[in-house]
Amino acid sequence: MKNQLFDLSGKVAVVTGGNGGIGLGMAQGMADAGAAIAVVGRNEAKSKAAVEDLRQRGVKAIAVATDVTDSSAVTAMVERVANELGRIDILVNNAGMSIRKPPHELELDEWSKVIDTNLTSAFMCSKAAYPALKASGRGKIINIGSMMSIFGASFAAAYAASKGGIVQYTRACANAWAPDNIQVNAILPGWIDTDLTRGARQQVSGLHDRVLARTPAGRWGAIDDFAGIAVFLASPASDFVTGTAIPVDGGYSVMV
Ligand code: NDP
């Protein structure tokens, strides 16, 4: 018999940036727990491959090509998921990017691009999905922060601002939507091996070894490390957990 606490059978999850990296790791975990998945991203080839992987896990999966910085596209995406998969129970706001420069070299359009992609998109997706999450009777929102929600870095002014903002946005929504039985939590990944950090390792000298030295677990994270936390925060196991920001970082944030 399945453990009901972690069972996502019959649930529908929307994962922005679900076509690769941490988003795909979370989507795979939730699919293995029984959820149908809508993969949201711009790169249609990557989304197609992700959908094939998820379907092989025995669940329904669709790709919805969407730029999450475009508010009408976000509205259309939510409508399409509700029409094709019938409901929305879980929203994972994971799409993100960074532009690495000192704050005094960052242009306004670069600042806006990072804030729009990482923070404003979470606002737009959550607002658009709220009626469906409320109708589900047991809604879950998972927002993706970062170690930059806690720490700063000279090359990450806009990124850190967006990721600090996501934690405060999480707390506000947790308060607002508790009466609707929607739990809203954030995950703060440590340093994880993905396309995003492959770019960072090329641009920031010594980063790879600094992360290894400072992470008590002694390794970079893998996308599989996000399957369990996604299932926990999407499932009845976390029904009394809301407004939190949970590090998944191999101990990085508690290392002196
Ligand atoms: P990836 O670069 O592998 O994934 C980023 C994802 O976001 C892609 O699926 C991309 O899809 C999607 N995306 C980016 N911009 C948009 C957009 N405008 N519209 C729709 N989708 C978009 O990076 P990660 O997996 O590493 O990052 C995932 C999240 O985790 C991000 O929020 C990141 O900030 C966060 N994070 C990552 C850490 C790490 O060490 N890797 C550490 C801390 C936080 P597509 O290109 O198809 O649109």
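This one's a predicted model, so the numbers in the text were calculated from it and none came from an experiment.

A. Structural detail: the nonpolar core. If you look at the biggest cluster of nonpolar residues, it comprises 49 residues, and the most contacted ones within it are Val14, Met77, Val81 and Trp191. Of all the elements in the fold, those that place two or more residues in this core are β1 (12-16), β2 (36-41), β3 (61-65), α3 (71-85), α4 (108-136), α5 (157-177), β6 (182-189) and α7 (207-214). A total of 9 residues in this core trace back to one element, the largest contributor, which is α5. Residues contacting Val14, with those up to four places away along its chain left out, are Ala38, Val40, Met77, Val81, Ile88, Ile90, Leu91 and Val92. In this structure, Leu8, Ile22, Met26 and Ile187 belong to the second largest nonpolar core, which totals 31 residues.

B. Representation of the site of the ligand in the model. What surrounds the ligand is a group of 27 residues, the closest being Asn19, Arg42, Asn43, Tyr159 and Thr194. Within the contact set of the ligand, an oxygen atom lies 2.7 Å away from a backbone nitrogen or oxygen of Asn94. Among the elements of the structure, α1 (21-32), α5 and α6 (195-203) are those that each provide at least two residues to the shell around the ligand. Looking at which element gives the most residues to the shell around the ligand, the answer is α6, with 3 residues. Grouping the amino acids of the shell around the ligand by side-chain chemistry returns 9 nonpolar, 14 polar and 4 charged.

C. Inspection of the sheet that holds β2 at higher detail. Here 7 strands make up an open sheet; going across it, the order is β3-β2-β1-β4-β5-β6-β7 and the pairing parallel. Each edge of the sheet is formed by a strand with only one pairing partner; in this case those strands are β3 and β7 (245-248). Direction aside, neighbouring strands of the sheet carry axes that sit 20° apart on average. Note that strand β4 (residues 90-93) and strand β5 (residues 139-144) share 4 bridges and pair parallel. When the sheet's bridge partners are listed, Ile90 is paired in β5 with Lys140. Packed onto the sheet, α1 meets β1, β2, β4, β5 and β6 and runs at close to 170° relative to β1. Against the sheet, α3 engages β1, β2 and β3, with an angle of about 160° to β3.

Calculation notes
- Residues numbered from 1 in each chain as written.
- Predicted model: local features only at pLDDT ≥ 70, side-chain atom pairs only at ≥ 80, totals over all residues.
- Heavy atoms only, no water.
- Core = buried A, V, L, I, M, F, W, Y, C linked by side-chain atoms within 4.5 Å.
- Buried < 20%, exposed > 50% of the residue type's maximum accessible area, 1.4 Å probe, protein only.
- Helix = DSSP H or I, 4+ residues; strand = E, 2+ residues; numbered from the N terminus.
- Contact = heavy atoms within 4.5 Å.
- Near = heavy atom within 4 Å.
- Polar contact = N/O pair within 3.5 Å; in protein donor to acceptor, adjacent residues only side chain to side chain.
- Nonpolar A, V, L, I, M, F, W, Y, C, P; charged D, E, K, R; others polar.
- Pairing = 2+ DSSP bridges.
- Axes fitted to C-alpha atoms, helices over the stretch in contact; angles between N-to-C directions.

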